[in-house]
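Summary of the model geometry
Single-letter residue listing:
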Amino acid sequence: MCIRDSYCRTYLLIQDGSGNACDDKSAVAGTIAGKVATETTEPVENVLLEVKATSTGIPSFKTDAKGSYAFANLDMKGDYSITPKRDDDPSNGVSTIDLVLIQKHILGVQPLNSAYKVIAADADRSNDVSAVDLVELRKLILTVYDKLPNNTSWRFVPKSYSFSNITTPWGFPEKLDVKGLSKDELNRDFVGVKVGDVNATAVAHSLLGAEDVYKRQYGYYYSYKNKMDQLLEYKL
């Protein structure tokens, strides 16, 4: 006999082979993920992201050519601090054109128009852009230095951070803190800054495609096609 509009309730109990109920992990584990890219949105590859947390044993993560990272199965309610690092190929993207642009900035003729460029110009990591930075970068270009003595090749800023003054961006955070993880955090992005490169010519990843450095009548140009298949060119 069928009773109209009747219903019943049931539930599913998942057990292991010994008859013990399995723990519900859906509410106790979360993910922190994001992307590392330059100011011009080029992904930054080979960035090592390390986590400090209330729990231990979380392995570091290295970005691929898409610049993405993810830390999964993190304990909910935990506190996490994520720090990106990359310190290779210090001369990548650094040329005499950068020296000219930095000198114009110092003289007030043509100030650098973003906080990230100002950070890139601070070669000696002194929280100031001065003639000393020009000297340091010139030594790098001339291979007197094989790396900058007081700085890393790249620096990183949480994308969500807002600079109060782009000409003096000092005191910016270089890590990302998540306090009391309560849900998946999937857009915790970083902006990568290649030190010494103020005209965005650094090769940040291995998927640029159609890379070519060729001589023109008035000098050398660096060109590549981006992911939108647009040909971009920079004079070196």
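A quick note: this is a predicted structure, and the numbers were derived from the prediction, not measured.

**Some details on the nonpolar core**
Membership of the largest hydrophobic core comes to 24 residues, with the highest contact counts inside it found for I102, L137, F163 and V198. For this core, the secondary structure elements donating two or more residues are α1 (96-107), α2 (115-121), α3 (131-141) and β8 (190-194). Ranked by residue count, the leading element in this core is α2, at six residues. Sequence-distant contacts of V198, defined by excluding residues within four places in its chain, comprise D98, L101, I102, L112, K117, A120 and A121. In this structure, V47, L74, Y80 and L181 belong to the second largest nonpolar core, which totals 19 residues.

**A closer look at the pattern of salt bridges**
Pairing between side chains becomes possible if they bear opposite charge and their charged atoms approach one another. If you walk through the whole model with that rule in mind, you get seven salt bridges. Here D87 ties to K147 by a salt bridge, and the two come within 3.3 Å at their closest N and O atoms. Remark: K147 occurs in the loop between α3 and β6 (154-158) and D87 occurs in the loop between β5 (80-85) and α1; sequence separation between them is 60 residues. Classification of K147 by relative accessible area gives partly exposed; the value is 42%. Close ionic contact of E185 with K183 constitutes a salt bridge, the shortest N to O distance being 3.5 Å.

Parameters and conventions
Residues numbered from 1 in each chain as written. Predicted model: local features only at pLDDT ≥ 70, side-chain atom pairs only at ≥ 80, totals over all residues. Heavy atoms only, no water. Core = buried A, V, L, I, M, F, W, Y, C linked by side-chain atoms within 4.5 Å. Buried < 20%, exposed > 50% of the residue type's maximum accessible area, 1.4 Å probe, protein only. Helix = DSSP H or I, 4+ residues; strand = E, 2+ residues; numbered from the N terminus. Contact = heavy atoms within 4.5 Å. Salt bridge = Lys/Arg side-chain N within 4 Å of Asp/Glu carboxyl O.

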